[in-house]
Amino acid sequence: MIYVGIDVHKKHCQSALMDESGKVLEQIPFRNTGDGLTYLIDRIKPYGEAKAVLESTGNFWLKSYEALEKADIRVSLSNPLKTRAIAQARIKTDKIDAKLLAHLLRANLVAESYVPDKETRAKRALLRHRSSLVKTRTELKNRIHNLPDKYDLQPEFTDLFGKQGMNWLKTLQLPSIEKTILNSNLKLLEALNDQIEKINLEIASNAVNKEDVKLLMTLPGIDYYAAMVIANEIGDVTRFSEANKLVSWTGLAPSTRQSGNRVKHGTITKQGNKTLRWILIQATHNACRNDERLRNFYQRIAGRRGGNKATVAVAREMLVIIYHMLTRKEPYRGVDQELYRSKLKRLERLGSNGL
């Protein structure tokens, strides 16, 4: 058995091959390309059985991970926040980082990050792309809003970006340059709307036969998109032995500092899955409107600690409920059957259009 530590960067990577006694056999630099990874794998194979570890660095690790996985080399992903031997090193080079990773792997001391299977990674990418497009659209709408406001032009209808609102925007009389900017932004908005709608249909077609997704939709505030995000970000829920571990992994657990007999709890750690944390925060608003239990829970905390902390508390409570729903395969006990049927009907309509 040999142990391979790989320090990953965008263009160039460094690897260290180590035997079971801790002796460095080779240190191999390679390019983070298909040819570079083939070169590394060809150098590893003659040694026989091998295990490799990469440090999670942006998305640069993914190409190497998939290449090693395809070559039947057992590979794991190191959590950089927990790999303190590297993070706190005073002398830090790529060769030293790769060697330290190999040592940690050999000693079974790697703090691993969860890596879902290839299908789940692909679905995650689509869901996160949709989120990115929606955020871009929101920024674009804010820029469009600024032009009518600048000239104190107010529409007679509430939805500026509905059919009537778009027609009104297109007929606005503005100075030449600002009219050009507005028309350009409106074309971009129409293109974004079209792309988001196409992606929505594809997501719905993937969700329509997923039992976990339909289960999650029984919880107020969770539609098919939010349910798909939650299901794919969590992955295999059984890897969490209890709900609090899922809460901590999501970054919704309060930070704790202890000195002697004094224990101080602060704001949430935010060290975790930010996509799952974001979708839960978004879901709290609808959840509180449609569920008496969660609404009372929000109001009780908001009265003492304010709205923002109450929103986070509701998101954390929803995640605990989600954990038990998924592990027990049970719907939400307070499900609104009429609202749930409406969600399912919309999902089935969109899903059939996306197939």
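Since this is a predicted model, take the numbers as computed values, not measurements. (Residues numbered from 1 in each chain as written. Predicted model: local features only at pLDDT ≥ 70, side-chain atom pairs only at ≥ 80, totals over all residues. Heavy atoms only, no water.)

Caption draft 1: Representation of the overall build of the chain. The helix and strand tally for the chain stands at 14 helices and eight strands. Once the C-alpha set of the chain is aligned to its principal axes, its extents read approximately 75 × 55 × 45 Å. Put simply, 59% of the contacts in the chain that link residues at least 6 apart link residues at least 24 apart. For the chain, the accessible surface area stands at approximately 20300 Å², while carbon and sulfur atoms represent 48% of it. One way to put it: in the chain the 59 positive side-chain charges average out to a point 5 Å from where the 39 negative ones average out. (Helix = DSSP H or I, 4+ residues; strand = E, 2+ residues; numbered from the N terminus. Contact = heavy atoms within 4.5 Å. Areas by Shrake-Rupley, 256 points an atom, 1.4 Å probe, with all protein chains shown as cover. Lys, Arg positive; Asp, Glu negative; His and termini not counted. Charge placed at Lys NZ, Arg CZ, Asp CG, Glu CD.)

Caption draft 2: Examining the side chain of S76 more closely. Tracing the sequence through the fold places S76 in strand β5 (residues 74-78). Sequence-distant contacts of S76, that is, excluding residues within four places in its chain, are made with A52, V53, L54, Y65, L105 and E112.

Caption draft 3: Fine view of the packing of aromatic side chains. Summed over the entire model, instances satisfying the criterion amount to two aromatic pairs. Both rings, one in W61 and one in Y65, keep their centres 5.6 Å apart while their planes meet at 85 degrees; by these two values the pair is edge-to-face. With a gap of four residues between them, W61 and Y65 both fall in helix α2 (residues 61-70), about one helical turn apart. Of the residues examined, W61 reaches a relative accessible area of 11% and is grouped as buried. The side chain of R130 reaches across the aromatic face of Y225, ending 4.1 Å from its centre. Looking at R239, its charged tip hangs above the ring of Y114, at a distance of 3.4 Å from the centre. (Phe/Tyr/Trp six-rings, centres within 6.5 Å; stacked < 30°, edge-to-face > 60°. Buried < 20%, exposed > 50% of the residue type's maximum accessible area, 1.4 Å probe, protein only. Lys NZ or Arg CZ within 6 Å of the ring centre and 35° of its normal.)

Caption draft 4: Expanded view of the sheet that holds strand β6 (residues 112-113). Across the sheet, which stays open at both edges, the six strands sit in the order β3-β2-β1-β4-β5-β6 with mixed pairing between neighbours. The sheet terminates laterally at β3 (24-31) and β6, the two strands that pair on one side only. Taken together, the five bridges between strand β4 (residues 50-55) and β5 define a ladder with parallel strand orientation. Its bridge partner being in β5, E55 is matched across the sheet by S78. Across the sheet, helix α1 (residues 34-44) is in contact with β1 (2-7), β2 (12-18), β3 and β4; its angle to β3 comes to roughly 165 degrees. (Pairing = 2+ DSSP bridges. Axes fitted to C-alpha atoms, helices over the stretch in contact; angles between N-to-C directions.)

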